[in-house]
Amino acid sequence: MSLALNTTRRLRLGHVDLSLIPLGLAGLFLAMLVLLPLGWLLAYTVTDESGALSWTNVVELADTSLFLEPFITTFGIALGVASLACLLAVPLAWLVARTDVPARRLLRGLVMVSFITPPFIGAVAWVLLAAPNSGLLNQYYRGITGAGTFDYLFNIFSAAGIIFVMASYAFPYVFVLAANTLDRMPHDLEEASAILGGGRWHTFRRVTLPMVLPALLAGFIIAFLQAMTQFGTPAILALPAGFHVLTTKIWSLFQFPPKAHLAAACAMPLLLVTIFLLRLEKTLLGRRGYTMVGGKSGSPQLAKLGVWRWPALLLALLLLFVTVLLPNLVLVRASMLRSVSDPWTLETITWANVPLVFGLSNTVGVLKNTLVTGVVSATLGTAFAVLIAYLTARRAVPGHQVLGFLATAPAAIPGIVLGVALFIAYTRPPFQLYGTLWILLLAFLTIEMPPAYQQMQAAFRGLNPELEDASRILGAGRMKSLAKVVAPLLKTSVAATWCFVFIGAIRELSATILLTTSNTKLVSVLIYDLNEGGALGGIAVLGLVLMAVTAVVVLIANRVAHVGVMPDGR
């Protein structure tokens, strides 16, 4: 009788964690968010125009000009981008995190500037700088050396040019991962190696490198996937050069007459490549333990560069000037000239581009749409990422492994293809959202879920669950513990995730260009339209406005959460 009474008490409503209901609903929403467009993508891959089952689309991938050449070109460019990004980022991260190079705070800040510059705007800037005939750098080269009218030193319309531009906007991700890892790594490990007789090279090879390797590999994969799936930069640089990468080839398949089924089939290999890379990462790192026991025990012993301090600073500043500052300076220059080919003098400077751009009938509405969708998608996306990461990190619901896979799956699909899948999914009952901002919000939630989830997953893994368990023992449900205990402890990671999603939504072009209408157009699409018309001065104005708004919003978010506060001397 006593056992039955105890069982009844445990089954009372008060003992049931009702917070599992909204958590479970979050999991179901994630499944719909990802599986619905991916399901349509798969369905289009294996069907023909009439909807009948057919493998014709897959068979056509054997066509060299249709798929093999663009895929090989894409793979080579992505490999070059990832390699160059690591080559640029790792030495810079070591300088600011582990040496006494001057102005380390300034160097970190300059790297962060590149986060607010959309890559397609950077591509336009490099067209202004390094186009074979009209590029400023080539004009200066001809003026200094007396070279011929059609001689040039740089050609941005080439595979090497695309690799350089993409790597310039991918290396900050590798830098952040590597620098944060070096910051957190206990210096006691390196000191112990030195005490036991290990030299600098031995310590680096046996201690430092194994600890940093997971971050380097993660950064390499991020840069590789970005290069594989990016549309804006190749559309601006590769198409004028006369060759396709896979994303531009897929985009071409949606020109009249559209071939959506064939485009869906072309996207599937990217998913397979991503799965392979993730499995490779797990294989390389899974058998080794790279866990840091304990926290960071004081500031690390910085390597003394001696007479090389200032040369190292100059090299770092030169790198950041070329990759970050120079493109932005040429945008400022273009925004102040009637023609980008005019010399930059007091007589030629004009503000005519500003009223010209804002005189367009839809510019103000476009800026409003961009800001609203960016803020709302960042807020909802971060909250959703926190919930999903909590479910997977704490194994709160059955099938949490599936939720983790679903949260990272959209990273494998090019934005332009995912945009088509979203268009198909949300332009028919019961989700007729085309022509509204809601379809853009769903697109941004889907596209930005992988980085947001990975950021919060890493944060949860580094947080001991004991305080949360204590809260639940005292009667709080999972949702209350998450809101009152866990979230305040992770506010820095939450703010960083919010900024990542906001910047990603602001920079997104591939899916946006397929989902906007005249009433829901965003700045990225307006800039692309202006590029088609050759209005480079207007592009420069809008690009600078977009970066300024992004910088202000990110700064406010960082200040609210006290992100980016570094110890004195750092």
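Residues numbered from 1 in each chain as written. Predicted model: local features only at pLDDT ≥ 70, side-chain atom pairs only at ≥ 80, totals over all residues. Heavy atoms only, no water.

Q: Help me get a handle on the overall build of the chain, residues and values and all.
A: When helices and strands are counted, the chain shows 25 helices and two strands. Buried positions account for 51% of the 570 residues belonging to the chain. For the chain, restricting intrachain contacts to residue pairs at least 6 apart in sequence, the fraction spanning at least 24 positions comes to 76%. As displayed, the chain offers around 27,000 Å² of accessible surface, 67% of which is attributable to carbon and sulfur atoms. (Helix = DSSP H or I, 4+ residues; strand = E, 2+ residues; numbered from the N terminus. Buried < 20%, exposed > 50% of the residue type's maximum accessible area, 1.4 Å probe, protein only. Contact = heavy atoms within 4.5 Å. Areas by Shrake-Rupley, 256 points an atom, 1.4 Å probe, with all protein chains shown as cover.)

Q: Please provide a residue-by-residue account of the packing of helix H6 (residues 119–130) against helix H7 (residues 136–145), values included.
A: It is at 4 Å that the axes of H6 and H7 come closest, and there the two elements cross at 15 degrees. When the interaxial angle is binned, H6 and H7 end up roughly parallel. Together, Trp126, Leu128, Leu129 and Ala130 of H6 and Leu136, Leu137 and Asn138 of H7 make up the contact between the two elements. Among the residues forming the contact of H6 with H7, the class breakdown is six nonpolar, one polar and no charged. (Axes fitted to C-alpha atoms, helices over the stretch in contact; angles between N-to-C directions. Parallel < 35°, antiparallel > 145°, perpendicular 65-115°, else oblique. Nonpolar A, V, L, I, M, F, W, Y, C, P; charged D, E, K, R; others polar.)

Q: I'd like a description of unusual backbone geometry, backed by residues and values.
A: Of note, Ala103 is a non-glycine position whose phi angle comes to about 60 degrees, a positive value. With respect to the helices, strands and loops of the structure, Ala103 is situated in the loop between helix H4 (64–98) and helix H5 (104–113).

Q: Break down H6 for me, citing the residues and quoting the values.
A: Between the first and last C-alpha of H6 there are 16 Å, a value that for twelve residues agrees with the 16 Å anticipated at 1.5 Å per step. Taking burial as the measure, the twelve residues of H6 include twelve buried ones, the bulk of the element. For H6, every residue scored as buried is listed here: Pro119, Phe120, Ile121, Gly122, Ala123, Val124, Ala125, Trp126, Val127, Leu128, Leu129 and Ala130. (Expected span 1.5 Å × (residues − 1).)

Q: Give me the lowdown on the packing of H6 against helix H11 (residues 232–241), citing residues and values where you can.
A: In contact at an axis separation of 7 Å, H6 and H11 are set at 25 degrees when each is read in the N-to-C sense. Of the possible angle classes, the one that applies to H6 and H11 is roughly parallel. In the packing of H6 onto H11, the handedness of the crossing is right-handed. Between H6 and H11, the contacting residues are Pro119, Phe120, Ala123, Val124 and Val127 on the first element and Gly232, Thr233, Ile236 and Leu237 on the second. Residue classes in the contact of H6 with H11 are distributed as seven nonpolar, two polar and no charged. (Left-handed = near helix turned anticlockwise from the far one by under 90°.)

Q: Tell me about the nonpolar core, residues and numbers included.
A: Of all hydrophobic cores here, the largest spans 166 residues; its most connected members are Leu30, Phe175 and Ile250. Setting aside chain neighbours within four positions, we find Phe175 in contact with Ala89, Leu92, Ala93, Val96, Arg108 and Val111. (Core = buried A, V, L, I, M, F, W, Y, C linked by side-chain atoms within 4.5 Å.)

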